Amino acid sequence: MSEEPINRNDDVQGDGRDTAEIVGDSLNEGVDKIKAGAKAVAKKLDDPDKDIGTEYDKEKLKEQAKDF
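Residues numbered from 1 in each chain as written. Predicted model: local features only at pLDDT ≥ 70, side-chain atom pairs only at ≥ 80, totals over all residues. Heavy atoms only, no water.

Caption draft 1: The overall build of the protein chain, seen in detail. When helices and strands are counted, the protein chain shows two helices and zero strands. With an accessible surface of roughly 5800 Å², the protein chain has 55% of that area assigned to carbon and sulfur atoms. (Helix = DSSP H or I, 4+ residues; strand = E, 2+ residues; numbered from the N terminus. Areas by Shrake-Rupley, 256 points an atom, 1.4 Å probe, with all protein chains shown as cover.)

This is the structure we're talking about:
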């Protein structure tokens, strides 16, 4: 039987691209959460009766929608 040699260089490069994509997506998600949190806090400061959790959820949805 003849087996082709494994090209480890291609495997490593492929894994590196996959990892970079995952890290990039994670960073984008983190930035969206920070923006949503900052906007929720600003709204809470403007109107102390607002629920910060609800405002955060609204802003997080807005930030996620921008990605599409």
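Caption draft 2: Spatial organisation of helix α2 (residues 52-66). Its 15 residues give α2 an end-to-end C-alpha distance of 21 Å, which sits within 8% of 21 Å, the value for a rise of 1.5 Å per residue. If you check which residues of α2 are buried, you get Glu 55, Glu 59 and Glu 63. What you see down the axis of α2 is that its buried residues fit within an arc of 70°, all on one side. (Expected span 1.5 Å × (residues − 1). Buried < 20%, exposed > 50% of the residue type's maximum accessible area, 1.4 Å probe, protein only. Arc of directions from axis to C-beta.)

Caption draft 3: Here's a closer look at the pattern of salt bridges. Going through the model one piece at a time under the given rule, you end up with six salt bridges. With a closest N to O distance of 2.6 Å, Glu 59 and Lys 43 form a salt bridge. Linking Glu 59 in helix α2 with Lys 43 in helix α1 (residues 8-46), this pair joins segments that are 16 residues apart in sequence. A salt bridge links Lys 58 to Glu 55, with the shortest nitrogen-to-oxygen separation between them at 3.6 Å. You can see Lys 58 and its partner Glu 55 sitting in helix α2, three residues apart, about one turn around the helix. (Salt bridge = Lys/Arg side-chain N within 4 Å of Asp/Glu carboxyl O.)

Caption draft 4: Broad picture of a nonpolar patch on the surface. Where nonpolar side chains cluster on the molecular surface, the patch consists of Val 41, Leu 45 and Ile 52 and spans about 280 Å² of accessible area. Inspection of the secondary structure puts Ile 52 in helix α2. (Patch = residues over 30% accessible without salt bridge, like charges linked within 9 Å, V, L, I, M, F, W, Y side chains within 5 Å.)

Caption draft 5: The arrangement of the environment of Lys 39 in detail. Relative to the assigned elements, Lys 39 resides in helix α1. Under the relative-accessibility criterion, Lys 39 is labelled partly exposed at 33%. For the pair Lys 39 and Glu 59, spaced 20 residues apart in sequence, the C-alpha to C-alpha distance is 6.9 Å. Those residues in contact with Lys 39 that lie beyond four places of it in its chain are Glu 59, Glu 63 and Lys 66. (Contact = heavy atoms within 4.5 Å.)

Caption draft 6: Main features of the environment of Ile 34. Along the chain, the position of Ile 34 falls in helix α1. Counting along the chain gives 26 residues from Ile 34 to Lys 60, while the straight-line C-alpha distance between them is 8.9 Å.

Take it as geometry only, folks, not as evidence of what the structure does.
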